[in-house]
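Okay, here's what each chain looks like letter by letter:
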Amino acid sequence: MVAGTETMNLSKDLLLKFLRAVLFGEKLDASDFAEADWKSIFQLADEQTVSALLLDGMSLLPSECITIPLGDKLKRIATMQRIEQINCLHRKVIVKIDQALKSEGIPVVFMKGQMTALRYPNPLHRTPGEIDFVVNPKDFKKTMEVLEKIGKVDLHLVHEHHGMAWVDGVTVEPHYKVHNYQCPSTDHAMQEMFTSVFPSELSSAGMDRYAVPVFPPTFESVFLISHMVNHVYEEGLGLRQVIDYAMFLSSCADKIDWLQHHEYLHQMQMERAWRIFTCICVDYLGMSLPSQVEPFSHQEKMWAEKMMTDIMRVGNFGRGEYVFHHRGFKDAFNNYCWVAKRCWNLGFVCPSEARWWIISKVKRFFWKKSFKK
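(A) Inspection of the overall build of the protein at higher detail. Check the secondary structure of the protein and you find 14 helices and seven strands. Computed over the C-alpha atoms, the radius of gyration of the protein is 21 Å, within 12% of the 21 Å expected from 2.2 N^0.38 for a compact globule of 373 residues. Considering only contacts in the protein between residues 6 or more positions apart, those separated by 24 or more positions represent 70%. Working note: accessible area of the protein is about 17400 Å², and carbon and sulfur atoms make up 55% of it.

Right under this line is the structure:
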């Protein structure tokens with residue numbers, strides 16, 4: 001067991017070395033990989049949804065250091081090529097959606113996913129999810145009608161803050177609310193912040209020579225932090241989301257209005273969460289500390305270490321520890337217990353959201369039951 005734990009810890013360290021090399025240019029020492037357990041490293045990369053970034057890192061080592069069967073290597077390369085193909089498709093679908101909504105006079109802003117990928121060394125190597133965008137609540141019904149013309153929608157599958165649609169086979173989540181936060185005052189604060197920037201203060205990002213509407217940097221920073229907070233308690237935070245923020249902050253720190261940023265964080269009750277996630281970006285992913293950010297205290301580093309331990313164990317959407325099932329009351333109870341345990345153990349990240357998650361998880365269960373009826 002001790003040997004197995006040591007091997008796993010080594011694999012985690014080596015995966016992080018690869019990521020630091022790919023994302024921020026840290027030099028690799030080939031001797032560090034002499035005892036690498038490649039199967040374990042690949043498994044971790046899959047759990048953290050960073051498999052293409054791992055291959056980018058492996059390409060920086062001499063070929064003789066990579067002791068894996070050729071067949072396995074070819075499968076991994078094929079997976080990376082598939083990720084590239086899906087990302088290219090997502091980009092086309094984003095343009096298609098934006099043009100369709102603009103033709104109907106519907107303001108829209110795209111977020112997460114391909115928007116954060118644009119800051120990666122190779123944007124096509126960020127593992128894709130779905131396409132997320134936000135419209136005004138009053139435009140949501142019309143948005144779904146537009147999506148029905150270019151794809152298909154499920155009018156019965158509407159969550160607390162978004163609907164579901166598919167365009168050219170790609171899953172699309174049209175939001176009528178930027179996100180759903182558990183603490184009522186936090187939720188209200190985000191909606192006011194969103195209203196203050198949408199649509200008058202939006203920025204744009206170049207994607208294949210097309211200008212895609214995106215959030216202004218100050219708002220996007222706080223939104224990405226809040227998105228990670230949600231992952232921590234709901235389903236598990238993975239390295240992909242933290243890397244998204246590291247690449248954002250590395251690229252956009254000089255574009256942030258820092259006084260407004262701190263005010264936003266205060267309203268969201270997420271100042272500590274921001275410090276913890278930023279500390280992880282610096283201490284574990286190799287990002288340079290932005291000049292606008294004060295050095296981290298000993299306590300903040302301890303919190304970051306505890307959060308990072310959880311990230312490496314649990315993985316993105318709980319892939320490394322627990323995957324939600326929804327086959328009845330027993331599954332619902334187990335899911336609740338898992339979330340409640342996380343709220344207790346990781347409550348230090350964002351105490352207000354952790355407290356409210358325990359309550360809202362029960363409310364959500366009964367809300368879904370009544371919605372189905």
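(B) Geometry of the environment of Gly320. Inspection of the secondary structure puts Gly320 in the loop between helix H12 (298–314) and helix H13 (329–345). Taking the C-alpha atoms as reference, Gly320 lies 41 Å from Lys102; in sequence the two are 218 residues apart. When sequence neighbours within four positions are dropped, the list of residues in contact with Gly320 reads Glu47, Arg313 and Val314.

(C) Representation of unusual backbone geometry in the model. Look at the link from Phe198 to Pro199: it is a cis peptide, with omega at -5°. For Pro199, the position within the fold is in the loop between helix H7 (184–197) and strand S6 (203–207). Its identity as a non-glycine residue notwithstanding, Thr49 has a phi of 50°, on the positive side. For Thr49, the position within the fold is in the loop between helix H2 (38–47) and helix H3 (51–58). Positive phi outside glycine occurs at Lys112, with the angle close to 55°.

(D) How the structure looks around the packing of aromatic side chains. Counting across every chain of the model gives 12 aromatic pairs. Each member of the aromatic cluster is reached from another via a ring pair, and the members are Phe194, Phe198, Phe215, Phe219 and Phe223. Directly above the ring of Trp166 sits Lys152, whose terminal nitrogen or CZ lies 5.8 Å from the centroid.

(E) The arrangement of the sheet that holds strand S4 (residues 164–167) in detail. Spatially, five strands are ordered S1-S2-S5-S4-S3 in an open sheet, and the strand pairing comes out mixed. What marks the edges here is a single partner per strand, and that holds for strand S1 (109–111) and strand S3 (152–154). Sheet twist, expressed as the mean angle between neighbouring strand axes with direction ignored, is 30°. Taken together, the three bridges between S1 and strand S2 (residues 131–134) define a ladder with antiparallel strand orientation. Pairing of Phe110 across the sheet is with Phe133, part of S2.

Basis of the calculations
- Residues numbered from 1 in each chain as written.
- Predicted model: local features only at pLDDT ≥ 70, side-chain atom pairs only at ≥ 80, totals over all residues.
- Heavy atoms only, no water.
- Helix = DSSP H or I, 4+ residues; strand = E, 2+ residues; numbered from the N terminus.
- Rg over C-alpha atoms; globule rule 2.2 N^0.38 Å.
- Contact = heavy atoms within 4.5 Å.
- Areas by Shrake-Rupley, 256 points an atom, 1.4 Å probe, with all protein chains shown as cover.
- Phe/Tyr/Trp six-rings, centres within 6.5 Å; stacked < 30°, edge-to-face > 60°.
- Lys NZ or Arg CZ within 6 Å of the ring centre and 35° of its normal.
- Pairing = 2+ DSSP bridges.
- Axes fitted to C-alpha atoms, helices over the stretch in contact; angles between N-to-C directions.

Shape descriptors only; they carry no functional weight alone.
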